[in-house]
Amino acid sequence: MTRESALWWAILVFVVATRALNLDNSPLGNPEAKMALSALGLATGVPQAFSNPLLGALQAALFSIGGSNNVLARLPAAIAGVTLVMLPMIGRDQLGRARALIFSMLLALSPTIWFESRSADGAVIAWCLALYLLLQLKNKYASAAAAGLLAACGADAFLPALSLLVVRVLIQLSVPQESRQPSPIDRYTVLIGAFAFLLGSTGLLFNQPGLGGAFNGFATSLIGMFRSGGVSFARLMLGLIVYELPIICVAVATLSLLWRQTRPPVLWLALCVLGLLGAIALQPGFAAALIPFVIGTCALASSGIASLVHAISDDVSTGYWPITLSLTGLTVVFVGFAGVAALQYSNQGLTGPILAICVAALALIGVCLMSAVRVSVMVPIRGVMLGLGLWSAIYIFSAGFNLTQFRPNNPGEPYVAAATTDDLTELQRELEMLGTRAFSDPHALPLTVDDSASPALRWILRDERRVQFGPVTATDSAILVPMGGQPQDKYTYIGDAFTVEQSTSLRSIRCKYIGDKTDCSAYTRWLLQRQTDSVRPTQWILWVRSDTAALLSGRR
């Protein structure tokens, strides 16, 4: 096994572990649950129209095989997320072996793609197909099938398809006119693409309304470009700045260096710009809108990192590696010290650690200047860049791990607008326990639920056979209503409250003026720990009628 193939295997193991494991660590959010409920309906034989027919058909097929659960609902996106990260491997001839490898590493570390790959959302599937098309345009039949499946993604296909169109035009313009070749499209590629679209959007012809859902998704996305409202986009951009800033900074630096070359990376820059403009225009409320921008910045950053690695290898061959290694270690220590100081400030409101950050920065600059006396100035600069790169990799890995494993439903995260809570799982267990005790069947409890129940709450109740949604009455055995609602005769019922959702306004997180001083500890605490005091819970109460409660206690 070569060193390159070993690195590719290591990336594959990493992305499978971070995307496909522990997919049920949190309840489905409302957008996820809405799609999953429709897929569950299709699995039971009821035709459905999806905003993303391909995802809906995949979920329905999995539900038919393994039953409805969170893991199977999120599995198609997880597989697409793994494939998306590994796609640069098939473009090694176009990208270069080193750049393709680094490109894949950056995609693997991207918290945006990491988070979205663990959500029951179809945008990752669409962008996986789009990136395959971009890297495999010469394989006309495989590309035609991928284009048809991309179109079957409906609303999620709009931005990827638009991006591909612009990038394709740029590819044609960047090639000299005398070297241009006719586009490899014939009637067979058109037929293959149309057939793949038909099969993908209708779930192998089992769901004819899916075909109309795909076209309706295109129209919905086009109309969305002309709608106003920037709150969701501001939240998305905040998440991009918080989580992807190291990659963005490297991409900008790379662009400034490569722009003077004869062949600047125009195509990836176009993908960045078009993706960002598309996110602004579409105004979606999910992290998936920023995936094209992240892919473009990772592609740009891979060129700069590859050049840095090549230059550091020259330092090793010329004997300057002790200086490079020492400055790399010092940079990691100083940046880590500054991070600890900022963490202390956010927790305790101390101003002293801010001075410590400045002292660490000055010490680092002094060491760099001293090193530059004996060697080329680029040697210490490369050492510092490598140290910052190592620290950034650690940061974005820990951020992605926290975002997806420890706090996937934290309303303080920029990517999470209306967060579901673990109380939904507790509610599900409570209902199963009540049904088992009263009727010897975990799903036999008669339950009336207020019709305002969110998709996430309805998904939790999907297995309850005797559930009905509508107005509640005083004769119902068990009632689930929002906080403030209660049966007409509340004295004959026993209630238990559950927090179903939590939300917070990130616009309220800012520095405060206390007397003649400015206190930014609350803002720093959110920036480092995503802790905010403005969380608003949405609670529902499960009321159980007294005679049903008597059955639960064993009195009949």
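First, a word on what this report is: a plain description of the structure on this page. (Residues numbered from 1 in each chain as written. Predicted model: local features only at pLDDT ≥ 70, side-chain atom pairs only at ≥ 80, totals over all residues. Heavy atoms only, no water.)

What follows concerns the overall build of the protein chain. A count of helical and extended segments in the protein chain gives 22 helices and eight strands. For the protein chain, the proportion of its 556 residues judged to be buried stands at 47%. Restricting to contacts in the protein chain with at least 6 residues of sequence separation, those with at least 24 account for 76%. Carbon and sulfur atoms make up 65% of the accessible area of the protein chain, which amounts to about 26800 Å² in all. (Helix = DSSP H or I, 4+ residues; strand = E, 2+ residues; numbered from the N terminus. Buried < 20%, exposed > 50% of the residue type's maximum accessible area, 1.4 Å probe, protein only. Contact = heavy atoms within 4.5 Å. Areas by Shrake-Rupley, 256 points an atom, 1.4 Å probe, with all protein chains shown as cover.)

Turning our eyes to something else, we now look at the nonpolar core. Note on soluble globular proteins: their nonpolar side chains tend to be buried together. In terms of nonpolar packing, the biggest core is built from 113 residues, with Trp 268, Ile 295, Leu 480 and Leu 542 touching the most fellow members. It is helix H8 (residues 123–135) that provides the largest number of residues to this core, a total of 12 residues. With residues up to four places along the chain from it excluded, the contact list for Trp 268 reads Leu 95, Phe 103, Leu 131, Leu 134, Ile 295, Gly 296, Ala 299 and Leu 300. Formed by five residues, the second largest nonpolar core is a distinct cluster that contains Val 481, Tyr 493, Ile 541 and Trp 543. (Core = buried A, V, L, I, M, F, W, Y, C linked by side-chain atoms within 4.5 Å.)

We now examine the packing of aromatic side chains. Evaluation of the coordinates by the stated rule reveals 10 aromatic pairs. Relative to Trp 114, the ring of Phe 14 has its centre 6.0 Å away and its plane inclined at 70°; by these criteria the two rings are edge-to-face. In this pair, Phe 14 is assigned in helix H1 (residues 3–19) and Trp 114 in helix H7 (residues 111–117), connecting sequence segments 100 residues apart. Each member of the aromatic cluster is reached from another via a ring pair, and the members are Phe 14, Trp 114, Phe 397, Phe 401 and Phe 406. A cation over a ring is seen here: Arg 462 above Trp 459, with NZ or CZ 4.1 Å from the ring centre. In this arrangement the basic side chain of Arg 530 is found over the ring face of Trp 526, its NZ or CZ atom lying 5.4 Å from the centre. (Phe/Tyr/Trp six-rings, centres within 6.5 Å; stacked < 30°, edge-to-face > 60°. Lys NZ or Arg CZ within 6 Å of the ring centre and 35° of its normal.)

On to the sheet that holds strand E3 (residues 467–469). Within the open sheet, the six strands sit side by side as E1-E5-E8-E4-E2-E3. Their pairing is mixed. The strands lining the two open edges of the sheet, one partner per strand, are strand E1 (418–420) and E3. Shown here is a sheet whose adjacent strand axes are inclined to one another by a mean of 25°, direction ignored. As paired elements, E1 and strand E5 (residues 493–503) share three bridges and run antiparallel to each other. Bridging across to E5, Ala 419 finds its partner in Gln 502. Contacts between helix H19 (residues 423–439) and the sheet are confined to E1, strand E2 (447–449), strand E4 (478–482), E5 and strand E8 (536–545), with E5 contributing the most and set at about 155° to the helix. (Pairing = 2+ DSSP bridges. Axes fitted to C-alpha atoms, helices over the stretch in contact; angles between N-to-C directions.)

The next point concerns unusual backbone geometry. Positive phi outside glycine occurs at Leu 204, with the angle close to 60°. Structurally, Leu 204 can be placed in the loop between helix H11 (187–202) and helix H12 (209–224). By relative accessible area, Leu 204 is classed as exposed at 56%. Although it is not a glycine, Arg 530 sits at a positive phi angle of roughly 55°.

Further remarks concern the pattern of salt bridges. By the definition in use, this model includes eight salt bridges. The shortest N-O distance in the salt bridge between Arg 407 and Glu 413 comes to 2.9 Å. The class for Glu 413 is buried, based on a relative accessible area of 1%. In this structure, the salt-bridge partner of Arg 465 is Asp 441, at a minimum N-O distance of 2.2 Å. Here Arg 465, found in the loop between helix H20 (455–460) and E3, pairs with Asp 441, found in the loop between H19 and E2; they are 24 residues apart in sequence, far enough to count as distant. (Salt bridge = Lys/Arg side-chain N within 4 Å of Asp/Glu carboxyl O.)

As a further point, take the packing of H8 against helix H9 (residues 140–151). Between H8 and H9, whose axes approach to 9 Å, the crossing angle comes to 155°. As summarised for this structure, H8 and H9 are arranged roughly antiparallel, according to the angle between their axes. The way H8 lies across H9 gives a crossing that is left-handed. Of H9, the residues touching H8 (which contributes Ala 126, Leu 129, Ala 130, Tyr 132 and Leu 133) are Ala 142, Ser 143, Ala 146, Ala 147, Leu 149 and Leu 150. Partitioning the contact of H8 with H9 into residue classes produces 10 nonpolar, one polar and no charged. (Parallel < 35°, antiparallel > 145°, perpendicular 65-115°, else oblique. Left-handed = near helix turned anticlockwise from the far one by under 90°. Nonpolar A, V, L, I, M, F, W, Y, C, P; charged D, E, K, R; others polar.)

Taken as a whole and judged by the stated rule, the model has one cavity of 30 Å³ or more. Considered as a void within the structure, the largest cavity measures approximately 50 Å³ in volume. Trp 127, Ala 130, Leu 131, Leu 134, Pro 160, Ser 163, Leu 164, Val 167 and Leu 271 are the residues that line the largest cavity. If you list the elements that add at least two residues to the lining of the largest cavity, you get H8 and helix H10 (158–174). (1 Å grid on protein atoms, 1.4 Å probe; cavity = no way out; pocket = protein on both sides within 12 Å on 5 of 7 lines; lining within 4 Å. Points joined across faces, edges and corners; volume = space filled by probe spheres on them.)

All right, on to the packing of H1 against helix H4 (residues 70–86) then. Look at H1 against H4: their axes get within 9 Å of each other, and the N-to-C directions meet at 155°. By the criterion of interaxial angle, the relationship of H1 to H4 is roughly antiparallel. Of the two elements, H1 crosses H4, and the hand of that crossing is right-handed. Contacts between H1 and H4 involve Trp 8, Ile 11, Leu 12, Val 15, Val 16 and Arg 19 from the first element and Ala 78, Val 82, Val 85 and Met 86 from the second. Residues that form the contact of H1 with H4 fall into these classes: nine nonpolar, no polar and one charged.

Glancing now at the pairing of E8. Direction of pairing for E4 relative to E8: antiparallel, over a ladder of five bridges. Its bridge partner being in E8, Ala 478 is matched across the sheet by Val 544. Sheet topology places E5 next to E8; 10 bridges connect them, and they run antiparallel. Pairing of Asp 496 across the sheet is with Leu 542, part of E8.

Mapped onto the elements, Asn 207 comes out in the loop between H11 and H12. In terms of polar contacts, Asn 207 uses its side chain to reach the backbone carbonyl oxygen of Gln 48, at 2.8 Å. (Polar contact = N/O pair within 3.5 Å; in protein donor to acceptor, adjacent residues only side chain to side chain.)

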